[in-house]
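# Coordinates in review
Letter by letter, the chains look like this.
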Amino acid sequence: MSRQQLIEKIDQLDRQFNLRAEVVSMLAQHTRHTLGRVPPLFLLGGGALIGVIANRMGIGRTYTLGLTGVRLFPMAQSAFNLGRSLGARE
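Residues numbered from 1 in each chain as written. Predicted model: local features only at pLDDT ≥ 70, side-chain atom pairs only at ≥ 80, totals over all residues. Heavy atoms only, no water.

## Here we look at the overall build of the protein
Let me state the cut-off plainly: Only runs of H or I of at least four residues qualify as helices and only runs of E of at least two qualify as strands under DSSP, and these elements are numbered from the N terminus. Note on method: radius of gyration uses C-alpha positions; expected globular size equals 2.2 Å times residues raised to 0.38.
Assigned secondary structure in the protein consists of three helices and zero strands. Reading the secondary structure of the protein in the N-to-C direction produces α-α-α. At 20 Å, the protein has a C-alpha radius of gyration far larger than the 12 Å of a compact globule built from 90 residues. Expressed along its principal axes, the backbone C-alpha trace of the protein runs to roughly 60 × 45 × 25 Å.

As structure tokens, then:
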């Protein structure tokens, strides 16, 4: 590979990295905004409950359950949004 091709490849990878960093930043802002609307008592109680459940289940099962939740979250979010929009129409 020539020097110019390597420079172009590095520039392309740098653009991809910057785009991904921007997406992560926007997701972090959205998460902070969403968590800011949840009462702190629910966050503490939910965190304590999840900690107890994770301790009982063990790390392997907890990790698998977490990955499943992450995969199902977009579907659940769409279902909640659909339910909310149907409820707003009535």
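## Brief notes about helix H2 (residues 40–57)
Test applied: Every helix has an expected span of 1.5 Å times one less than the residues it contains.
In this model, H2 (18 residues) spans 26 Å end to end at C-alpha, consistent with the 26 Å of a helix rising 1.5 Å per residue. Immediately beyond the C-terminal end of H2, within one or two residues, lies glycine 58, with a positive phi of roughly 95°.

## Concerning the environment of leucine 67
Basically, it comes down to this: Throughout this description, buried means an accessible area under 20% of the type-specific maximum (1.4 Å probe, protein chains only), exposed means over 50%, and partly exposed covers the range between.
By the secondary structure assignment, leucine 67 is in helix H3 (residues 59–89). With a relative accessible area of 32%, leucine 67 lands in the partly exposed category. For the pair leucine 67 and glutamine 5, spaced 62 residues apart in sequence, the C-alpha separation works out to 39 Å.

## Structural notes on a nonpolar patch on the surface
Note the cut-off: Every patch collects residues that have over 30% relative accessible area and no salt bridge, joining them within 9 Å if they carry like charges and within 5 Å if they are nonpolar side chains (Val, Leu, Ile, Met, Phe, Trp, Tyr). Note on areas: Shrake-Rupley with a 1.4 Å probe; residue coverage comes only from the protein chains shown. Put simply, a salt bridge is a Lys or Arg side-chain nitrogen that is within 4 Å of an Asp or Glu carboxyl oxygen.
A cluster of nonpolar side chains, namely Leu19, Val23 and Leu27, defines an oily patch on the protein surface of about 290 Å² accessible area. Relative to the helices and strands, leucine 27 resides in helix H1 (residues 3–36).

## Let's talk about the confidence of the model for the protein
The line we're drawing: On a range of 0 to 100, pLDDT expresses the predictor's confidence in each residue.
Across the protein, pLDDT averages 82, with 94% of residues at or above 70. At the level of individual helices and strands, the protein shows its lowest average pLDDT in H3, which scores 75, and its highest in H1, which scores 90.

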